[in-house]
Amino acid sequence: MQQDRLKIFYQILYFLIVLGFIIWSSYFIYFTSIKTFDGSRYFCLFDDAMISMRYACNLVDSNGLVFNKGEFVEGYTNLLMILFMAVPQLFLSKSNSALFIQISGIFFCLLIAIFGRKIARQVINIKEPFLVLVFLASLLYYPLNFWSLMGMETGLLTFLLYFGISRAIQTKNQNKLDYGLIIIFVLALFTRIDIIISISMILLYRMVTNQHKAIFYKELALVILILFYRFTFSKIYYGEWLPNTYYLKMYGFTLFSRIENGLLFIKPFVKSIVVLLFAAILSLIIKYTREKLLLLSVFFSGLLYQIYIGGDAWFYWRFLAPFVPLLFILIFSLLNDITQENEFKRISDFFMRQRYRIMRNTKTYIIVFLLLLILTIVMSIYKNMLNYWKAYGYIVSVSVLLIISLFFNFSGKKILNLIRLCLIISVFLFYSIYMPNSNFLKEIIFKSYIFCLVEQTAKLNKAIVLKEITTEKATIGIIWLGAISYYSERYAIDYLGKIDKRIAHLKPDLTSRTSWAGVKTKPGHNKYDLNYSLKERKPTFTTIKKLGDADLTQWVSENYEEVYYKGVSLVLRKDAKEVVWEKIHAENSRNPGKKQSNIIESRDKRIQSKTDKGIQNNP
């Protein structure tokens, strides 16, 4: 009877968590929708996701898997996601297709939490309360939610990775080839090729745990065959073995420079999860299992890969977010262990044996605490290394940890057990839920603009106007490639080379001109040639006049002019026959001097400036 009541209670609890997440995600999607100058509401994904949407749109329109008609450049690494994006575009409008992808992100996040919980149950016999915490922590990790709800392949890839880990653990002793696991590997590799590193960790686990080594060799051979087919497709269809984005980010970027930049990039990430990572390692040391080692090795493989490729352009951990819930599994398995009497006594004895002699009396605890308190205050005030809330959280956490350590040798009184349990859980929740999300709190509660939303709003307004006042022969020269191309349906000239093989094979600009928020350069955003992209190709519309060390302001002022149409500012080539100038003149004659975009864009620039400044100070 008691078990039935508990079962119903946990079912209701899971339902409430899922319902709360769906409500928050729905508001997030609405909050990131864009109301344009004409009063229409559009749904728009992150700009890189909109690039994938453009590929999917051309595929549906029978133009092939291309960004610009007739140009075969593999400016993506997420083939399966593009194919998935093509499905809604068979039936829905452009805006509603983007909405469909955002809604699918909700389900990917829920599937990640479900399989994270399943892996936790497989790794160790965790009690239901801690399974709930694993489920909750996975759903509360904002970077994973951000990328999934903004249309990136992160949610799909993470779901397939966790599905694969769960399947590998479930069938580790199977004496026949697991075709289900192979299918998962196929889908994952066609989502992103670089997931092969995590798949390699899973295959190593299969080799160690399965006594039938022939099964492992067959699985390995099939994975290699899948990779061969994937690369062969790129070579036949696009003429290159690897995506253009590989050359854009890696070509000419030396290994030393990549590692240096990668270490700078992951610094704030590691800082936010350092205690979480320590607890995960501690969980492995205290109660070792091969499954725990698998989770930790997958996490570190992702971290090392991020360093190897030189980091990323955005401090929202697109490549690292999929691996963080694995740490949640490990930290709550540790919490499960230390809250059980027998396990707690064993762990307590372990720490008592390892503890330094100097830490055996209460006076020393007080002295150490005071020193840490003084150090924290000095760091927060004079060195500006910690803001107020982080300093406060640090002080509270150190206090709690010290109090917990005082209870390592206590009698079995219930009140002390209850205090111990509450203190331990509070520390775990602080480091597993608050700290990894601390830099994104204002976005989580919608007290600030969602990252890059201001830029997307400006580009979407321009896209709508460009479609109205230009013919299909018009070309647009841009940096933010996705949304403006997708909605304007015009030929795009990419100044940063994502869909331009010539730009992608240039040497990167590693000077301070491309540095950003504490890193020396932004991978994928440090190659350009404005003389080629702007002066030679002469786009009908351009978004910039200078980039890096190239300043074409004078040339642009001679050959382009700024016009306003329905309050939206556009810089158009003066002699462009593909511009319907009559519409512009007619609009300006009806509304002389109407330049409301000046107000809109200046406001957006101020907001974006504050956003960028905040990221640089606290990425």
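Scope of this entry: the structure provided in the associated data block. (Residues numbered from 1 in each chain as written. Predicted model: local features only at pLDDT ≥ 70, side-chain atom pairs only at ≥ 80, totals over all residues. Heavy atoms only, no water.)

**Notes on the overall build of the protein chain**
Alright, step 1. For the protein chain, the count of helices and strands is 26 helices and 9 strands.
Alright, step 2. Residues classed as buried in the protein chain amount to 55% of the 619 residues present.
Alright, step 3. Within the protein chain, counting contacts between residues at least 6 apart in sequence, those at least 24 apart form 72% of the total.
Alright, step 4. Only carbon and sulfur atoms are counted for the fraction: they give 63% of the accessible area of the protein chain, which is about 28,400 Å². (Helix = DSSP H or I, 4+ residues; strand = E, 2+ residues; numbered from the N terminus. Buried < 20%, exposed > 50% of the residue type's maximum accessible area, 1.4 Å probe, protein only. Contact = heavy atoms within 4.5 Å. Areas by Shrake-Rupley, 256 points an atom, 1.4 Å probe, with all protein chains shown as cover.)

**Concerning the pairing of strand E4 (residues 491-494)**
On any regular strand, side chains alternate: one points to one face of the sheet, the next to the other face.
Alright, step 1. Judged from the 4 bridges that link them, strand E3 (residues 475-478) and E4 form a sheet pairing that is parallel. Bridge pairing links Gly477 to Ile493 in E4.
Alright, step 2. After leaving E3, the chain enters helix H21 (residues 482-488) and then returns to the sheet as E4, a path that is right-handed. (Pairing = 2+ DSSP bridges. Right-handed = clockwise from strand over helix to strand, strands pointing away.)

**Some thoughts on the packing of aromatic side chains**
Alright, step 1. Evaluated as defined, the whole model comprises 49 aromatic pairs.
Alright, step 2. Here the aromatic rings of Phe46 and Phe146 are separated by 6.2 Å at their centres, their planes lie at 75 degrees, and the arrangement is edge-to-face. Of the two residues, Phe46 is situated in the loop between strand E2 (41-42) and helix H2 (47-60) and Phe146 in helix H6 (residues 142-149); the sequence distance between them amounts to 100 residues. Just as Phe46 is buried, Phe146 falls in that class too.
Alright, step 3. Over the face of the ring belonging to Phe67 we find Arg54, whose NZ or CZ atom lies 4.6 Å from the ring centre.
Alright, step 4. Positioned above the aromatic ring of Tyr532, the side-chain terminus of Arg502 is 3.9 Å from the ring centre. (Phe/Tyr/Trp six-rings, centres within 6.5 Å; stacked < 30°, edge-to-face > 60°. Lys NZ or Arg CZ within 6 Å of the ring centre and 35° of its normal.)

**Quick look at empty space enclosed by the protein**
Alright, step 1. This model, assessed by the stated rule, comprises 4 cavities of 30 Å³ or more.
Alright, step 2. Estimates place the volume of the largest cavity at around 170 Å³.
Alright, step 3. Within the residue set of the lining of the largest cavity, elements represented by two or more residues are helix H7 (154-170), helix H9 (196-209) and helix H13 (290-308). (1 Å grid on protein atoms, 1.4 Å probe; cavity = no way out; pocket = protein on both sides within 12 Å on 5 of 7 lines; lining within 4 Å. Points joined across faces, edges and corners; volume = space filled by probe spheres on them.)

**Some details on the packing of helix H12 (residues 255-286) against H13**
Alright, step 1. At a minimum axis distance of 7 Å, the contact between H12 and H13 shows a crossing angle of 160 degrees. On the basis of the axis angle, H12 is roughly antiparallel to H13.
Alright, step 2. Classifying every residue of the contact of H12 with H13 gives 19 nonpolar, 3 polar and 2 charged. (Axes fitted to C-alpha atoms, helices over the stretch in contact; angles between N-to-C directions. Parallel < 35°, antiparallel > 145°, perpendicular 65-115°, else oblique. Nonpolar A, V, L, I, M, F, W, Y, C, P; charged D, E, K, R; others polar.)

**A short note on the side chain of Arg573**
Alright, step 1. Along the chain, Arg573 falls in strand E9 (residues 568-573).
Alright, step 2. Using a relative accessible area of 13% as the deciding quantity, one classes Arg573 as buried.
Alright, step 3. Of note is the side chain of Arg573, whose polar atom sits 2.8 Å from the backbone oxygen of Lys538.
Alright, step 4. Here the side chain of Arg573 touches Glu578 through a polar contact of 3.3 Å, side chain to side chain.
Alright, step 5. Not counting the four nearest positions on each side in its chain, Arg573 is found in contact with Lys538, Pro539, Thr540, Asn559, Tyr560, Glu578 and Trp581. (Polar contact = N/O pair within 3.5 Å; in protein donor to acceptor, adjacent residues only side chain to side chain.)

**Section: the nonpolar core**
Alright, step 1. Formed by 157 residues in total, the largest nonpolar core has its most connected members in Phe146 and Leu572.
Alright, step 2. Counting residues per element, this core draws most heavily on helix H4 (residues 94-123), at 12 residues.
Alright, step 3. The contacts of Leu572, once residues within four sequence positions are left out, are Leu466, Ile469, Thr540, Phe541, Asn559, Tyr560, Glu561, Val563, Val579, Trp581 and Ile584.
Alright, step 4. Tyr495, Ile544, Leu552 and Tyr560 belong to the second largest nonpolar core, which has 14 residues in total. (Core = buried A, V, L, I, M, F, W, Y, C linked by side-chain atoms within 4.5 Å.)

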